Amino acid sequence: MYPFSITKAPTTREAVDAGRRGGRYIAGGTTLVDLMRETVERPDTLVDISGLPLREVTVTGRGGLRIGALVTMAEAAAHRKVRTTYPVVSQALELSASAQLRNMATVGGNVMQRTRCAYFRDVTAACNKREPGSGCAAREGYNRTHAILGTSEDCVATHPSDVAVAFAALEARVVLLSPGGERTVPFTDFLLRPGRTPNREQAIRQGELITSVEIPAHPRPLKSGYLKVRDRQSYEFALTSAAVALHIRGGVIREAKVAVGGVGTVPWKLPAVEQALLGERPSDRLWGRAAESAADGAQPLTHNRFKIELLKRTVERQLRIVGDDT
């Protein structure tokens, strides 16, 4: 690990000022510290924001939820309003990591975490995300766990967050604070596809601080849930996952929100699946028909072609689980 300095920010203003000067924010540190140990990340200055007043879950004016950036994963998953209003978020959080990590890691840190691609974390391997212009070893290497959606010639790494998939499905927003004030970014615009600049992963400006993630109000009743498919029934990263939320009234699907993980360079929204569900009556035939478009546009690599069929089955299964529970 390379030398660095650390300072504790007592207020959001001081945190933002330190970030603007090049400091890297740290709270739980469950990702950044690992990357520093592996010399993937080499920040000169860390800004400890763990004491900032960003630890509340509150109901917004129209019945949505605002989750403070420093709410731990465990606290968010256990919060009564999160569990009852948006169980897809609670389930995604609980399936993300061990209890020890969930007690330390924060919601803001979770959505900012970097890929678990082995080539990214191996400083001897070519990786455009870590070192722009060096190449992408995963494209010709062992790429079983890599992305099939949203890839580019420069990067095929998946985004590792589970709760980010739930936030994408629910069309959440990220609230950012800078010296110039506050701004809000739709979650699906916050995490960036790699394109030609895979090293730029979030639509965040120098010094900006995530203060909360806001989930807008959705029609009631809203049934939701998260399904994660992985190699072992333990805390493992997803091969595929699906976050589904359905509003069914009068026996007809009035609103559908679907996003998937483990297959995209970012959490992947499925508008074609959503559209196929609207105005229809729940049925096994409908779930299968809607899921057929889940992998549209997929570009599989040598070792991950199986993800196409696995993704369709994951979406179909989770549609059935949520839809049959209404």
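Our subject is the structure listed above.
Keep in mind the model is a prediction, meaning the values are calculated, not measured. Position numbers for residues count from 1 along each chain, tracking the sequence in the order it is written. Whole-chain, interface and lining totals are the exception, using all residues; otherwise, since this is a predicted model, local features are given only for residues with pLDDT of at least 70 and side-chain atom pairs are given and counted only at 80 or more. Side-chain numbers come from the whole structure's heavy atoms, not from hydrogens or water.

## Remarks on the overall build of the protein chain
At step 1: Helical segments are the DSSP runs of H or I of at least four residues, strand segments are the runs of E of at least two, and each set is numbered from the N terminus. Per the secondary structure count, the protein chain includes 14 helices and 12 strands.
At step 2: Relative to the globule expectation of 20 Å for 326 residues, the C-alpha radius of gyration of the protein chain, 19 Å, shows essentially globular dimensions.
At step 3: Referenced to the eigenvectors of the C-alpha coordinate spread, the extents of the protein chain come out at roughly 60 × 50 × 35 Å.
At step 4: Residue burial is assigned from relative accessible area. The probe radius is 1.4 Å, only protein chains are included, and a residue is buried under 20% of its type maximum, exposed over 50%, and partly exposed in between. Looking at the protein chain as a whole, 54% of its 326 residues are labelled buried. The reference for a compact globule is 2.2 Å times residues^0.38; the radius of gyration itself is calculated from the C-alpha atoms.

## With respect to the sheet that holds strand β7 (residues 181–186)
At step 1: The criterion for strand pairing is that DSSP finds at least two bridges linking the strands in question. Here we have 5 strands laid out as an open sheet, ordered β4-β5-β8-β6-β7, and antiparallel in their pairing. One side of each edge strand has no neighbouring strand; the edge strands of this open sheet are β4 (57–59) and β7. Each strand axis lies, on average, 25° off the axis of its neighbour in the sheet, ignoring direction.
At step 2: One ladder, built from 3 bridges, connects β4 with strand β5 (residues 65–68); its direction is antiparallel. Residue pairing for β5: Val57 is matched across the bridge by Ile67. In this description, a line fitted to the C-alpha atoms serves as the axis of each element, helices being fitted only across the stretch in contact, and the angle between N-to-C directions of two axes falls anywhere from 0 to 180 degrees.

## Details of the pattern of salt bridges
At step 1: Here, a salt bridge means any side-chain nitrogen of Lys or Arg that lies within 4 Å of a carboxyl oxygen of Asp or Glu. Counted by the stated rule, this structure contains 25 salt bridges.
At step 2: Between Arg320 and Asp284 there is a salt bridge; the shortest N-O distance is 3.0 Å. Separated by 36 residues along the polypeptide, Arg320 in helix α14 (residues 306–323) and Asp284 in helix α13 (residues 284–291) bring together distant segments of the chain.
At step 3: Looking at Arg320, the relative accessible area reads 27%, which means it is partly exposed.
At step 4: Assessed through its relative accessible area of 47%, Asp284 is described here as partly exposed.
At step 5: The network of salt bridges with shared partners includes Arg24, Glu41, Arg114, Lys129 and Glu201.

## A closer look at empty space enclosed by the protein
At step 1: Space inside and on the surface of the protein is sampled on a 1 Å grid over the protein atoms alone, with a cavity defined as a set of points where a 1.4 Å probe fits but cannot get out and a pocket as an open set with protein on both sides within 12 Å along at least 5 of 7 lines; lining residues have an atom within 4 Å of a point. Grid points are joined across faces, edges and corners, and a volume is the space filled by probe spheres set on the points. Enumeration according to the criterion identifies 3 cavities of 30 Å³ or more in this entry.
At step 2: One number sums up the size of the largest cavity: a volume of about 130 Å³.
At step 3: Of the residues that constitute the lining of the largest cavity, the class distribution is 7 nonpolar, 5 polar and 4 charged.
At step 4: Considered as a void within the structure, the second largest cavity measures approximately 70 Å³ in volume.
At step 5: Cys117, Cys127, Cys136, Ala138 and Cys155 are, among the 13 residues lining the second largest cavity, the residues nearest its centre.
At step 6: Residues belonging to the lining of the second largest cavity are distributed by class as follows: 10 nonpolar, 1 polar and 2 charged. Classes in brief: Ala, Val, Leu, Ile, Met, Phe, Trp, Tyr, Cys and Pro nonpolar; Asp, Glu, Lys and Arg charged; the others, Gly included, polar.

## Structural notes on α13
At step 1: If you check which residues of α13 are buried, you get Leu286, Trp287, Gly288, Ala290 and Ala291.
At step 2: Contacts from the buried residues of α13 go to β10 (240–249), β11 (252–261), α12 (271–277) and α14. The criterion used for residue contact is that any of the two residues' heavy atoms lie within 4.5 Å.

## Notes on the packing of α13 against α14
At step 1: Running from N to C, α13 and α14 cross one another at 145°; their axes reach a closest spacing of 8 Å. Crossing hand, α13 versus α14: right-handed. Facing Asp284, Trp287, Gly288, Ala290 and Ala291 of α13, the residues of α14 in contact are Lys312, Val315, Glu316, Leu319, Arg320 and Gly323. For any helix crossing, the convention is left-handed if the near helix is rotated counterclockwise from the far helix by under a right angle, and right-handed if that rotation is clockwise.

## Some points on the layout of surface pockets
At step 1: Taken as a whole, the second largest pocket holds about 350 Å³ of empty space.
At step 2: By residue class, the composition of the lining of the second largest pocket is 11 nonpolar, 9 polar and 5 charged.

## As for the sheet that holds β11
At step 1: Spatially, 4 strands are ordered β9-β10-β11-β12 in an open sheet, and the strand pairing comes out antiparallel. One side of each edge strand has no neighbouring strand; the edge strands of this open sheet are β9 (223–229) and β12 (268–269).
At step 2: Two elements, β9 and β10, share 7 bridges in a ladder whose sense is antiparallel. Looking at β10, one finds that Gly225 is bridged to Val244.
At step 3: Most of the contacts of helix α5 (residues 87–94) go to β9, to which it runs at about 20°, and overall it touches β9 and β10.
At step 4: Here α14 sits on the sheet and contacts β9, β10 and β11; the angle it forms with β10, its principal contact strand, is near 35°.

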